[in-house]
Each structure stands twice: as C-alpha cells, then as structure tokens.
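Summary of the model geometry
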Amino acid sequence: MTMYRMDLLPLCLLLIGVAPLPKAQGLADCQEKVADVVFLLDSSFSMWPEHFSLQLSFLSDLVSAFTIGPNNIRVGVVTFSTKVRLDVALNQHGNKEQLQEAIAGIQYMTGLTHTGDAIRFAREHMFTEEGGSRPWAAHILILITDGFSNNLTQTALQASMARSEGVQIFVIGVGNGFKDKELRAIASDPDDSHVFYVESFDVLKKIEKSLTQKTCHKTNGSESKPEDKEDSQQTASTRCGGKPADIYFLLDSSSSIWSVHFKEVLQFVSQLLHLFDVGPERTRVGVAVYSDDVTNVVSLTDRQTAHSVRKALRTAPYLTGGTNTGKALHYVSSQGMAEARPGVAHVVIVLTDGQSANTTYTLQEARAAHEQGIYVLSVGIGPSTDVQELMDIASDPDENFVFHVDNFTGLHNIRELLAIKTCDVQGPDYQGDRPATACDVKTPADVVFVYDGASVSRHQNEVVTGIIRALVTHMDPDPHTVRFGLVRHNCYKGDNIDLRTGADVSVLQDYLDKTIHHGLHSLLKRVRLHGYLTPGGRSKPRSRKVMVLFITSKMADAGAVEKEVMRLKFQGVGVVVVALDTARDKVDVLTRLSSVPPVLLDSGSAGGASQDQLFRAFCQLHTALY
C-alpha cells in the first residue's frame, strides 16, 4: 500500500485539493478563504477510546490554523458508528475558542462502522442552508476512519451523490484495518491528492503542519457559485473538446415517472448536449425511450447537430408501462450501437427512477454490453432505484460510472460531472473507417484462426472471413513479428471408399456404422498437435501463441470442445472466442473457453464495430500473455 508522507503535503490544500501556494503567501492567504468544512469521525468498535481522543486533539490543532467566523471558515463535526451523531453544527460556534471547547467535549461511542449513513447525514443535514452551510462557500468533507464500512455499496453511492452535489471529499485512513479500494471509492478525484494514509493515530500529529495550506481554491469570500458553474462547463467542454464519441441515451419512460418528470429528463439531456461537440465527425448522439418496449427517437446515423437532436427530443413519446431495462440494454447493444464507429468511445447513459422488471435479464444484458466494449453509465433518480442494480448495470469502477440524485430537480447538479465522466471514457484512437490499431504488436506472435467451415452458413462464412481479413490487414505483416494460420476444414484420410478398391455390402455397412469424429473439437485437436510446431509454428520460445476461435450456435460436442480448449490453454495458448448468433444464455460457457471476455456478434449486423471489438480483445490478450 502506498503511504503518502503527510508532512510533505502543505493544510489548506487538503481542504481544497489544488497545488500548494507559493511559500511567500503561506497560511495568511489561506485564512482569508471561505469554506464549510465537515469532519466525520469514526467512533466504532475498532477505535479505542484513547485513539478517539487523539482524533479530537488532531482536529483541535487543525482548527487553530483557520480563521473561524461567519464570513470565513465554518467547521462542523459528526461522529458515527452504528448511529450518526451531530456534535458541532456549522453555524453553532462563531469563534475558534468556543469551537475548540466543543470539540474537546465530544464523547466516544461504540458500534459498527456505518460510513454511508454518516455521509448521507452530512449531505442531507450539514451542507444545507438549514444546517448552517453557505451556498457561496466551498463544501468540504473530511473523513477519518480506521476500518472498512459495513456496506461498501451504500457508502460508495452516498459518496457519489455528495460529490455530484459539489462536495469535495478527502479521506484519511489510519492503520491497516481499512480497504484501500473503499477509500478511493469515497474520495474525490484524483485519488493521489484526496486519499491519505498514516500508520497509527499516534502519528496524526505529524500531519498537522502539512495540512495547513489546503483551503485556497474554489472561493475567495465573494459570491463565486456562478463562476464555479461556468468553470465546470468550461472544464467539461475542454475535456470533451473535439474528441469523437458515439453516445446513446436510454431514458426510462415507464408509469413510475410522471409526465412532468419525464419532461425534466428530456430537458436535462437537452442541456447536457451543450457540453458536447455534436456532429457527424465529432460526437454522435442516439436516444431511445423505454418501458415495456423500446422506442428509438434519434439514431447515430441521423444527420445531426445539437439543435436537431434537441428538436427530436421534444417529440420523444411518454410511453407508460413497466420498466424493462434489460430490453433497452439489449436494443442498444444489438441495434442502437450497430452503426457505431470503430475506434471511438462507445458510451450508453441509462436514466431510471426505479428497479427493472427483471433484474437477472438486466444484469445479463448489461454484462453483454460491457463485453461488447460499451461503457455504461447509470443514473438513478429518487428513492425507488435499486442501488446494487445501478452498480451492476454500470461499467467499473462504480465511482466513475454510477450516479444518483434524490429527485428529478437534482439532475442539474450532476450535469457537468456526468459530461466530464462521459468524455473521460477512453476509446481507441479514431481512424476513419478502418479498425483502430489499439496496440502495436512488437513481440513475436503466432496467431491461428479456427472455425468449422461445415457448421457456418454462407453468410456467416462471409462475416468470419471479413473479420479475419480486417484484423490481418491492420496488424504488422512482418513475418518476424506476426505469423498467421487458418484451420477451418477436416481432412481425414480413409473417409471415403474408392470404387477402385471396391467393397461388398457387409464392408460398406460396417463402414457406415463407424463414428467419424468430424467437428470443431477435431479441428482444435489438430491445432493442439500441429498448429504451433515448427515449421507451422515458431521455434522461439517467447513467441506469443494466440488462437482466435469462432463459434456458432450449431456447435456440437461442447464438452469435447471445452476439453480441447483447456488443453491448448495448458500449453500456453491464449484464446479469443468470437461467438456468432450464439444465445446470450451461453455466455458462461463462452467465458470459460475464452482467455479474455468473449466477443459476442450478431452476424446480421456484424461490421466495423465487431472488427474493432475483436481487435481490442486481441490486444488485451496479447498484452496480458507475457
């Protein structure tokens, strides 16, 4: 685990997260700034009373560095374990002496580590005007904990909601009883300047001096909220810039959403478009609404500008009915993104206010979308959403792809953040109509393409050969770097009876009774025994051995196929499985066969996007093999 030396990180910066101020400015400038700072203090079973006292001492010393007052810095303190307790309200003490006296009187309590409840309390009761927070001040949350929370899912969600509402979150992990992943899920980005570790509570004092210059960035005491909003829009526009992407919005239009709220969703998407550079050569946008069924509103291939998409949104139908999120995800994977450009980021944004009608089907289709190379962002609205389902729908990590707001009005709070997270999605470099070369194959590789020519239809054969041609064409043709092989037909000697040798009736019948082992597993056996040996293979031991295996729904003897694949893997062969027209319920089998997430294709729509999927899967495998 990385341990940051806190004595090298000058304090007002912990609170705001910007580069250190010039030494000449120092603490004096920091003291003139305006911020509402809320401390969350862990007081669970894992915390000994003397350790809790060290937290209070540390907090009191930090406060001594601030100018406390109604027009400067306000401090609130919340203690949490199984319950959450308000100890100091933001507007409770107007000077430093009163505040430090109140901190010294905070009592230790025991219980479980309900970190998520503490963050929720800060959101709902501290960073509000009723709780003493000022709308023009920076909102800072500092969590000190020595253990992992009882519910990581809820904790990550509450932290995501707080960040989307403009709260900057810093986390100090003490000791080794916490999960690094959890701290990073809670903290604001970037992690390196928002997550800190100390070995024990005894050394908290070491970081007091280092925390004294981190309060100076967002606001200078004037009404700066509009400026902050403008800065956020500029940041989103800068992040998105001219970078091309294909983005599809899936909008819940079920009965649980009132008509007036559905209009708010449409307005939210319309405003979000201002932050993207919409156009045929830049960011293309698709929109579909769903309830029991899916209705497409805007296709990626429509001649579009931001104005034309907003105009189409005004005609989006309010459907009513159930919440078939799985069907919406299937639609966008199989049809909506079928015309997506290879080499650009493929992003789907799902907005919903409730749980899907079929959670299992929704999870299955979300997983299929992820495996297809689509990045999915989920936005939950209101209290009826299923938090775990939002996280299952979204791509990983959840802190970058899961959003939640308390109500439809709150959507405007996440507009800029959602745009930034969308534009931060990394797609392969766009290269026109050709598949993206997402990796350079610099080390020797032997690549064998395998499919059973007898089990594919004529159309499927055209799809397979087209994909192979595209992949081969755009990889390094240098035979000293990459060599290719192809196995697609069985060639068994003795498969026929020649008229020249002849056969009587009994011989012919005996021959017909024999089982001739044709099929994919026999092709795989040939590859295993002969495919990677000299002269067909390479004698250099460090050449990477890759098999690209095409499978159709007509595959027979699945057990025998799996055995041969496992034997190949045991010999060090990496496997990329490409499944054509294979039922989604076979995903588990395909996943066992493939060394990387399998590429699932519908041969009716396979094209540039599927070539790009395969190329990315190959590059992922090629990178991971050695």
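Quick notes on the rules
Residues numbered from 1 in each chain as written. Predicted model: local features only at pLDDT ≥ 70, side-chain atom pairs only at ≥ 80, totals over all residues. Heavy atoms only, no water. Helix = DSSP H or I, 4+ residues; strand = E, 2+ residues; numbered from the N terminus. Areas by Shrake-Rupley, 256 points an atom, 1.4 Å probe, with all protein chains shown as cover. pLDDT = per-residue confidence, 0-100. Contact = heavy atoms within 4.5 Å. Axes fitted to C-alpha atoms, helices over the stretch in contact; angles between N-to-C directions. Parallel < 35°, antiparallel > 145°, perpendicular 65-115°, else oblique. Left-handed = near helix turned anticlockwise from the far one by under 90°. Nonpolar A, V, L, I, M, F, W, Y, C, P; charged D, E, K, R; others polar. Salt bridge = Lys/Arg side-chain N within 4 Å of Asp/Glu carboxyl O. Buried < 20%, exposed > 50% of the residue type's maximum accessible area, 1.4 Å probe, protein only. Pairing = 2+ DSSP bridges. Core = buried A, V, L, I, M, F, W, Y, C linked by side-chain atoms within 4.5 Å. Expected span 1.5 Å × (residues − 1). Phe/Tyr/Trp six-rings, centres within 6.5 Å; stacked < 30°, edge-to-face > 60°. Polar contact = N/O pair within 3.5 Å; in protein donor to acceptor, adjacent residues only side chain to side chain.

The next subject is the overall build of the chain. Helix and strand counts for the chain stand at 21 helices and 17 strands. Summed over all atoms, the accessible surface of the chain reaches about 27800 Å², with 51% contributed by carbon and sulfur.

Our next topic: the confidence of the model for the chain. Predicted confidence across the chain gives a mean pLDDT of 76, with 72% of residues reaching 70 or more. Per-element mean pLDDT across the chain ranges from 39 in helix α1 (residues 12–16) up to 95 in strand β3 (residues 84–88). Long-range and interchain partners of residues 1–31, a stretch whose pLDDT sits below 50, account for 96 contacts in this model, where long-range means more than four residues apart. Taken together, the stretch residues 605–609 has pLDDT below 50 and engages in 6 contacts with residues farther than four places along the chain or on a different chain.

This paragraph deals with the packing of helix α18 (residues 520–531) against helix α19 (residues 558–570). Between α18 and α19, whose axes approach to 8 Å, the crossing angle comes to 15°. The angle between the axes of α18 and α19 places the two elements in the roughly parallel class. Between α18 and α19 the crossing geometry is left-handed. Contact with α18, carried on its side by Leu520, His521, Leu524, Lys525, Val527 and Arg528, involves Ala560, Val561, Glu564, Val565, Arg567 and Leu568 of α19 and no other residues of that element. A per-class count over the contact of α18 with α19 returns 7 nonpolar, 1 polar and 4 charged.

With that out of the way, let us pick up the pattern of salt bridges. If you walk through the whole model with that rule in mind, you get 12 salt bridges. Between arginine 123 and aspartate 406 there is a salt bridge whose closest N-O contact spans 2.7 Å. Here arginine 123, found in helix α5 (residues 115–126), pairs with aspartate 406, found in the loop between β12 (402–405) and α15 (415–423); they are 283 residues apart in sequence, far enough to count as distant. Judged by relative accessible area, which is 6%, arginine 123 ranks as buried. Since its relative accessible area comes to 36%, aspartate 406 is described here as partly exposed. One salt bridge connects arginine 592 with glutamate 562, and the closest N-O pair in it is separated by 3.0 Å.

The next subject is the pairing of strand β4 (residues 138–145). Taking burial as the measure, the 8 residues of β4 include 8 buried ones, the bulk of the element. Neither face of β4 is open: one carries Ala138, Ile140, Ile142 and Ile144, the other His139, Leu141, Leu143 and Thr145, and all of them are buried. When strand β1 (residues 35–42) meets β4, the two strands line up parallel, connected through 7 bridges. Across the sheet, the residue bridging to phenylalanine 39 is isoleucine 142, located in β4. The pairing of β4 with strand β5 (residues 167–174) spans 7 bridges and is classified as parallel.

With 49 residues, the main nonpolar core has Phe249, Leu251, Phe276, Ile349, Leu351 and Leu411 as its most contacted residues. Broken down by element, this core gets its largest block of residues, 6 residues, from helix α9 (residues 259–272). Excluding its chain neighbours within four sequence positions, the residues that come into contact with leucine 411 are Val265, Phe268, Leu351, Val379, Ile381 and Val405. Grouped together as the second largest cluster of nonpolar side chains are 30 residues, Leu56, Ile103, Ile144 and Val174 included.

Spatial strand order, β3-β2-β1-β4-β5-β6: 6 strands in an open sheet with mixed pairing. The open sheet has two edge strands with one neighbour each: β3 and β6 (195–198). Shown here is a sheet whose adjacent strand axes are inclined to one another by a mean of 20°, direction ignored.

Let us look at the sheet that holds strand β14 (residues 482–487). With parallel pairing, the 5 strands of this open sheet are ordered in space as β14-β13-β15-β16-β17. The open sheet is flanked by β14 and β17 (599–601), the only strands paired with a single partner. Direction aside, the axes of adjacent strands within the sheet are offset by 20° on average. In this structure, strand β13 (residues 445–450) lies alongside strand β15 (residues 544–552), joined through 6 bridges in parallel fashion. When the bridges of β15 are listed, aspartate 446 appears paired with lysine 545. Along the sheet face, α19 touches β15 and β16 (573–580) and points at about 145° away from the line of β16.

Summarising the element assignment, isoleucine 172 is placed in strand β5. The class for isoleucine 172 is buried, based on a relative accessible area of 1%. For the pair isoleucine 172 and aspartate 146, spaced 26 residues apart in sequence, the C-alpha to C-alpha distance is 8.5 Å.

Moving on, we get to helix α11 (residues 325–336). Structural remark: α-helix, 3.6 residues per turn; residues separated by three or four positions point the same way. Its 12 residues place the ends of α11 only 14 Å apart at the C-alpha level, less than the 16 Å of an ideal helix rising 1.5 Å per residue. Burial runs high along α11: 9 of the 12 residues are buried. Close packing links the buried residues of α11 with β7 (245–252), β8 (283–290), β9 (294–298), β10 (345–352), α12 (359–371) and α13 (387–393).

Enumeration according to the criterion identifies 5 aromatic pairs in this entry. Look at tyrosine 451 and phenylalanine 550: their rings are 6.2 Å apart centre to centre, the planes differ by 80°, and that puts the pair in the edge-to-face class. Residue tyrosine 451 is located in the loop between β13 and α16 (458–473), and its partner phenylalanine 550 is located in strand β15; the two are separated by 99 residues in the primary sequence. Given the relative accessible area of 1%, tyrosine 451 is considered buried.

The subject of this paragraph is the environment of alanine 560. With respect to the helices, strands and loops of the structure, alanine 560 is situated in helix α19. In sequence terms alanine 560 and lysine 525 are 35 residues apart; their C-alpha atoms lie 9.9 Å from each other.

Take α12 next. Between the first and last C-alpha of α12 there are 18 Å, a value that for 13 residues agrees with the 18 Å anticipated at 1.5 Å per step. For α12, the complete set of buried residues consists of Thr362, Glu365, Ala366, Ala368, Ala369 and Glu371. Of the residues flanking the start of α12, the one acting as N-cap is asparagine 358, its side-chain oxygen 3.2 Å from the backbone nitrogen of threonine 360. Glycine 373 occupies a position one or two residues after α12 and carries a positive phi of about 90°.

Once that is clear, we can look at unusual backbone geometry. The backbone of threonine 320 sits at a positive phi, close to 65°, despite the residue not being glycine. Checked against the element boundaries, threonine 320 lands in the loop between α10 (306–313) and α11.

What follows covers the side chain of histidine 346. Turning to its location among the elements, histidine 346 is positioned in strand β10. On the basis of relative accessibility, which here comes to 5%, the residue histidine 346 falls in the buried class. Among the polar contacts made by the side chain of histidine 346, one reaches the main-chain carbonyl oxygen of arginine 341 at a distance of 2.7 Å. Ignoring sequence-local partners within four residues, the contact set of histidine 346 consists of Asp246, Met337, Ala340, Arg341, Gly373, Ile374 and Tyr375.

A few words on the packing of α9 against α15. Two elements in contact, α9 and α15, have axes whose closest approach is 10 Å; the angle formed by their N-to-C orientations is 55°. In terms of their interaxial angle, α9 and α15 are classed as oblique. At the point where α9 passes α15, the crossing takes the right-handed sense. Taken together, the residues of α15 that come into contact with α9 (itself represented by Phe268, Gln271 and Leu272) are Arg415, Leu418 and Ala419. Classifying every residue of the contact of α9 with α15 by side-chain character gives 4 nonpolar, 1 polar and 1 charged.

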